[in-house]
Amino acid sequence: MDMAVDTFLLLSGFLATYLFMKQLTQTGGVFTWRDYGLHILHRYLRLTPVYAFLIMVYTCLLVYMGDGPYWATPSNWVMPSIHGCEHNWWTNLLYINNYFTDSGVECFGWGWYLGVDMQLYVMIPGVLLLLYKKPKIGAIVTCGLIVLCWVLHGVLYHFLAHSILDYLATTYKYTVTRMAPYLMGVLLGYVLFRTNRTIPNIQHKKMWMFLGWVVGTVCSLAGVVTPAALLQNTNPPYNIQNDAAWRAMERTLFATGVAWVIYASSVGYGGIISEFLSWSGWLPLSRLTYSAYLIHPMIMQVYYMSYKGALLYSEINWLFLFISFSFLAFACGFAASMMAEVPFLELEKFVLPKRRGRDRLAPEPERVVVERQQYQPLPQEAVADPRIPGYGSVLT
């Protein structure tokens, strides 16, 4: 099963935590209900304008973007979602659409991730405040929530997912079953914040970092390769993805490897991977990843729905389709961003008051590519502040 969304969730939890901790450092640990309201409102205004704009385009205009016999078929794979948007667009704007997943009800199907992400973003400040003020208790609560996610994922999968379609419509999209990678990102962001992005002074440091790379790589490969390996090399074929326990753990395994890449790169042991991910050429594209994510399925739907012949598989065909879809996604994403995203971001600066503790912070990074300057070490006095309980260690 695709693990890309778990990378997004891990990064989202990591960035939300790291920036939130920096904000608390500047405010002396003070976070009021007013701060919380601005915290949520900023996020809503950051995500919603271009999201609402593209839902409108999808609902009202997509049917005019192609022609062919497939468009006239009522049961095709696009029209039920368009009909869902005609009646349930409001679930997307309230970010609860991941619970409205039936055919003909679900709107903008790939937007379920935004529902999960927003719900976690709304709930996580309580955990972050606990981590900041009571680190031991906060760490225990966060780990407990990860375990709870595993248990709920396994139980719900066992009772609700009788087929792959049931799984994709239920357990796959529920917030409580997808929050483990996000919470791992929370712990990662907190650890890097409290250690000021440095490695503890231990013996054989390079050996431990090498071991971390081995464990992280094994975890990621295990999460991705194990199902196919077992299916092809057992007699009779064993599909581990039918096991509730595996479903509960596979995404955490993969996220563990991604978390290690982030940690090692942040503390200076990322090597060529860190150099590749920090390349300045990614920065312009990183500004468009959100709008490209929203618009790319629409481009694919128009192409495939309008195709009037047999689409035969070949490596060269798929390569050209990948390049074409990627280019059009970013080109159309740029247009959508200029029309709906950027104007509202600029308007927000004039309408909303500045968030306390964020005035001196750099803008919130995009989900996929993190600017290198965001990871400059904090001043030591800002991290090792005696006023912060347990400042002398990561979890004490």
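Parameters and conventions
Counting of residues starts from 1 at the beginning of each chain's written sequence and follows it residue by residue. Thresholds applied to this predicted model are a pLDDT of at least 70 for local features of residues and 80 or more for the giving and counting of side-chain atom pairs; totals over whole chains, interfaces and linings are not thresholded and use all residues. Working from all heavy atoms in the structure, the side-chain values ignore hydrogens and water. The way it works is that DSSP assigns letters per residue, a run of H or I at least four long becomes a helix, a run of E at least two long becomes a strand, and they are numbered from the N terminus. Residue burial is assigned from relative accessible area. The probe radius is 1.4 Å, only protein chains are included, and a residue is buried under 20% of its type maximum, exposed over 50%, and partly exposed in between. Any two residues whose heavy atoms approach within 4.5 Å are treated as being in contact. In these tables, accessible area is a Shrake-Rupley quantity obtained with a 1.4 Å probe, and a residue counts as shielded only by the protein chains included in the view. Aromatic rings from Phe, Tyr and Trp, with only the six-membered ring used for Trp, were paired whenever their centres fell within 6.5 Å, and each pair was classed as stacked if the ring planes differed by under 30 degrees, edge-to-face if by over 60, and tilted otherwise. Ring-over charges, as used throughout, are those where CZ of Arg or NZ of Lys falls within 6 Å of the ring centre and within 35 degrees of the ring normal. In these notes, a set of buried Ala, Val, Leu, Ile, Met, Phe, Trp, Tyr and Cys residues joined through side-chain atoms within 4.5 Å is what counts as a nonpolar core. Two cysteine sulfurs form a disulfide in these notes if their separation is within 2.5 Å. To estimate how far a helix should extend, the number of its residues minus one is multiplied by 1.5 Å. In this analysis the local bend is the angle between axes fitted, respectively, to the seven residues ending at and the seven residues starting at the residue. Take a side-chain nitrogen of Lys or Arg and a carboxyl oxygen of Asp or Glu: if they are within 4 Å of each other, that pair is a salt bridge. As used in this structure description, the phrase polar contact means that two N or O atoms lie within 3.5 Å; if the pair is within protein, one of them must be able to donate a hydrogen and the other to accept it, and residues adjacent in sequence are counted only when both atoms belong to side chains. Where helices are involved, their axes are fitted lines through C-alpha atoms of the stretch in contact, as for all axes, and angles between N-to-C directions lie from 0 to 180°. The labels follow the angle: roughly parallel below 35 degrees, roughly antiparallel above 145, roughly perpendicular from 65 to 115, and oblique for the rest. When the near helix sits turned anticlockwise from the far one by under a right angle, the crossing is termed left-handed; a clockwise turn instead gives a right-handed crossing. Any residue that is not Ala, Val, Leu, Ile, Met, Phe, Trp, Tyr, Cys, Pro, Asp, Glu, Lys or Arg is counted as polar, Gly included; the first ten are nonpolar and the last four charged. Patches in this entry comprise residues that are over 30% relatively accessible and not in a salt bridge; like charges within 9 Å are linked, as are nonpolar side chains (Val, Leu, Ile, Met, Phe, Trp, Tyr) within 5 Å.

## Concerning the overall build of the protein
Next, step 1: Of regular secondary structure, the protein possesses 14 helices and zero strands.
Next, step 2: Across the protein, helices and strands are ordered from the amino to the carboxyl terminus as α-α-α-α-α-α-α-α-α-α-α-α-α-α.
Next, step 3: Taken over 396 residues, the protein has a buried fraction of 48%.
Next, step 4: Taking the intrachain contacts of the protein between residues at least 6 apart in sequence as the baseline, contacts between residues at least 24 apart amount to 78%.
Next, step 5: Summed over its atoms, the accessible surface of the protein is roughly 19,900 Å², and 70% of this surface lies on carbon and sulfur atoms.

## Overview of the packing of aromatic side chains
Next, step 1: Overall, the coordinates contain 25 aromatic pairs when judged by the stated rule.
Next, step 2: Ring centres of Trp33 and Tyr36 lie 5.9 Å apart, and the angle between their planes is 90°; this geometry places the pair in the edge-to-face category. Linking Trp33 with Tyr36, this pair stays in helix α2 (residues 33-60), spanning three residues, or about one helical turn.
Next, step 3: Assessed through its relative accessible area of 22%, Tyr36 is described here as partly exposed.
Next, step 4: Aromatic ring contacts, followed pair by pair, group Tyr44, Tyr51, Tyr58, Tyr95, Phe108 and Trp110 into a single cluster.
Next, step 5: One Lys or Arg, Arg43, reaches over the ring of Tyr121 and ends 4.4 Å from the middle of that ring.
Next, step 6: A cation sits over an aromatic face here: Arg247 above Tyr167, 4.3 Å from the ring centre.

## So, unusual backbone geometry
Next, step 1: Along the chain, Asn235 connects to Pro236 via a cis peptide bond; the corresponding omega equals 0°.
Next, step 2: Summarising the element assignment, Pro236 is placed in the loop between α8 (205-233) and α9 (244-266).
Next, step 3: In this structure, Phe108 is a non-glycine residue whose phi angle is positive, near 55°.
Next, step 4: Note that Phe108 resides in the loop between α3 (79-93) and α4 (112-133).

## Observations concerning the nonpolar core
Next, step 1: Tyr58, Phe108 and Leu294 are the most contacted members of the largest nonpolar core, which has 87 residues in total.
Next, step 2: Of the residues forming this core, the biggest block, twelve residues, is contributed by α4.
Next, step 3: In this structure Phe108 touches Tyr51, Leu54, Ile55, Tyr58, Ser81, Cys85, Asn92, Leu294 and Met298, once residues within four positions along its chain are discounted.

## Focus on the state of the cysteines
Next, step 1: Counting across every chain of the model gives one disulfide.
Next, step 2: No disulfide involves Cys60; its nearest neighbouring cysteine sulfur is the one of Cys85, lying 9.4 Å away.

## Topic: helix α7 (residues 175-194)
Next, step 1: Compared with an ideal rise of 1.5 Å per residue, which puts 20 residues at 28 Å, α7 spans 28 Å between its outermost C-alpha atoms and is within 8% of the ideal.
Next, step 2: Where α7 bends most, at Pro181, the angle is about 35°.
Next, step 3: Taking burial as the measure, the 20 residues of α7 include 18 buried ones, the bulk of the element.

## Structural notes on the pattern of salt bridges
Next, step 1: Counted by the stated rule, this structure contains eight salt bridges.
Next, step 2: The salt bridge partner of Arg251 is Asp6, with a shortest N-O separation of 2.6 Å. Of this pair, Arg251 sits in helix α9 while Asp6 sits in helix α1 (residues 4-27), and the two are 245 residues apart along the sequence. Asp6 carries the same exposure label as Arg251, and that label is buried.
Next, step 3: A network of salt bridges, in which partner residues are shared, links Asp6, Arg178 and Arg251.

## Some words on the side chain of Asp117
Next, step 1: Looking at where Asp117 falls in the secondary structure, it is placed in helix α4.
Next, step 2: Within polar-contact distance, the side chain of Asp117 engages the side chain of Ser12 at 2.6 Å.

## Things to note about the packing of helix α12 (residues 289-306) against helix α13 (residues 315-351)
Next, step 1: Direction vectors running N to C along α12 and α13 enclose 125°, while the axes themselves pass 7 Å from each other. Between α12 and α13, the angle falls in the class oblique. Judged by the sense of rotation from one axis to the other, the crossing of α12 with α13 is right-handed. Of the residues in α13, those in contact with Thr289, Tyr290, Ser291, Ala292, Ile295, His296, Ile299, Met300, Tyr303 and Tyr304 of α12 are Leu321, Phe325, Leu328, Ala329, Phe330, Cys332, Gly333, Phe334, Ser337 and Glu341.
Next, step 2: Class assignment of the residues belonging to the contact of α12 with α13 gives a composition of 14 nonpolar, five polar and one charged.

## Re a nonpolar patch on the surface
Next, step 1: On the surface, a cluster of nonpolar side chains totalling about 770 Å² of accessible area is made up of Ile202, Met207, Trp208, Phe210, Leu211, Val214, Val215 and Val218.
Next, step 2: Judged by its relative accessible area of 36%, Val214 is partly exposed.

## Details of the packing of α1 against α7
Each packed pair of helices is defined by two parameters, the angle between the axes and the distance between the axes.
Next, step 1: Following both chains from N to C, one finds α1 and α7 inclined at 40°, their axes separated by 7 Å at the closest point. Helix-helix and strand crossings are classified by hand; for α1 and α7 the assignment is right-handed.
Next, step 2: Grouping the constituent residues of the contact of α1 with α7 by class yields 15 nonpolar, six polar and three charged.

Interpretation in functional terms is not warranted from these geometric data alone.
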